[in-house]
Amino acid sequence: MGRRPQVDHEELARLSAKGWSNADLAAHFGVTESGILQAKRSAGLSKPMTDHSAALPWKLARSHSQSGPATNLRNLSAAAQGRPVPKEKINTALRWARRLVDNGLDIAYDPEQGFHEIEASDVSHIAQILKTAETRLG
């Protein structure tokens, strides 16, 4: 069994800066595209992933992961973390969250029923997410 090919981080950075695709880099270094992604992470060349765990603390069923509430919560989370969100998407998420908060509602989730609106308690999940996003957006 041969040695695994090594990806030179300096060369990877140079070629990435020139706009080489992951597929081209993988062919050049003799590794898979997944290997290139791992090498970029270890070389500090990839953007950190956005963490949506505060906005979506539930283990979502696959069928609910692209629903309106899940998408709105991810968009609010991204905005709260300073990530760019298209204007129409963040506006939709803000309108949705403000409607809930203004009506004393919160969002809940269970794998059987999916997302559903509930009466907000003193510590409203949606109110916290909305406040964080609005603070970051200014």
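Please read these numbers as outputs of a predicted model, since none were measured by experiment.

Q: Please explain the pattern of salt bridges as it appears in this structure.
A: As a working rule, side chains carrying opposite charge can pair if their charged atoms are close by. For the structure shown, the criterion picks out three salt bridges. Among the ionic pairs, Glu117 bridges to Arg99, the shortest N-O distance being 2.6 Å. Here the residue Glu117 occupies a position in strand β2 (residues 114-119), and Arg99 occupies one in helix α5 (residues 87-102), the gap between them amounting to 18 residues.

Q: When you look at the packing of helix α4 (residues 68-80) against α5 in this model, what are you seeing that I'm missing?
A: At a closest axis distance of 9 Å, the pairing of α4 and α5 adopts a crossing angle of 110°. Considering their axes alone, α4 and α5 lie roughly perpendicular with respect to each other. When α4 is examined against α5, the residues Pro69, Asn72, Leu73, Asn75, Leu76 and Ala79 are found in contact with a partner set consisting of Lys89, Ile90, Thr92, Ala93, Leu94, Trp96 and Ala97. Along the lines of polarity and charge, the residues of the contact of α4 with α5 split into nine nonpolar, three polar and one charged.

Q: What is the right way to look at the packing of helix α1 (residues 9-17) against helix α3 (residues 33-42) in this model?
A: Helix-helix packing is characterised by the crossing angle of the two axes and by the distance between the axes. Where α1 contacts α3, the two axes come as close as 10 Å, and the packing angle between them is 105°. Classified by the angle their axes make, α1 and α3 are roughly perpendicular. Packed against α1, whose contacting residues are His9, Leu12 and Ser16, the element α3 presents Ile36, Ala39, Lys40 and Ser42 at the interface. For the contact of α1 with α3, the residue count by class is three nonpolar, three polar and one charged.

Q: I'm lost on α4 in this one. Help?
A: Along its 13 residues, α4 runs 18 Å from first to last C-alpha, staying within 8% of the 18 Å computed at 1.5 Å per residue. Within α4, 10 of the 13 residues are buried, which leaves the element mostly enclosed by the surrounding structure. When we look at burial in α4, the residues that qualify are Pro69, Ala70, Asn72, Leu73, Asn75, Leu76, Ser77, Ala78, Ala79 and Ala80. Of the surrounding elements, those touching the buried residues of α4 are α5, β1 (105-110), β2 and α6 (125-137). Phi turns positive, to about 80°, at Gly82, one or two residues after α4.

The rules behind the values
- Residues numbered from 1 in each chain as written.
- Predicted model: local features only at pLDDT ≥ 70, side-chain atom pairs only at ≥ 80, totals over all residues.
- Heavy atoms only, no water.
- Salt bridge = Lys/Arg side-chain N within 4 Å of Asp/Glu carboxyl O.
- Helix = DSSP H or I, 4+ residues; strand = E, 2+ residues; numbered from the N terminus.
- Axes fitted to C-alpha atoms, helices over the stretch in contact; angles between N-to-C directions.
- Parallel < 35°, antiparallel > 145°, perpendicular 65-115°, else oblique.
- Contact = heavy atoms within 4.5 Å.
- Nonpolar A, V, L, I, M, F, W, Y, C, P; charged D, E, K, R; others polar.
- Expected span 1.5 Å × (residues − 1).
- Buried < 20%, exposed > 50% of the residue type's maximum accessible area, 1.4 Å probe, protein only.

These results come straight from atomic positions and should not be treated as a statement about function.
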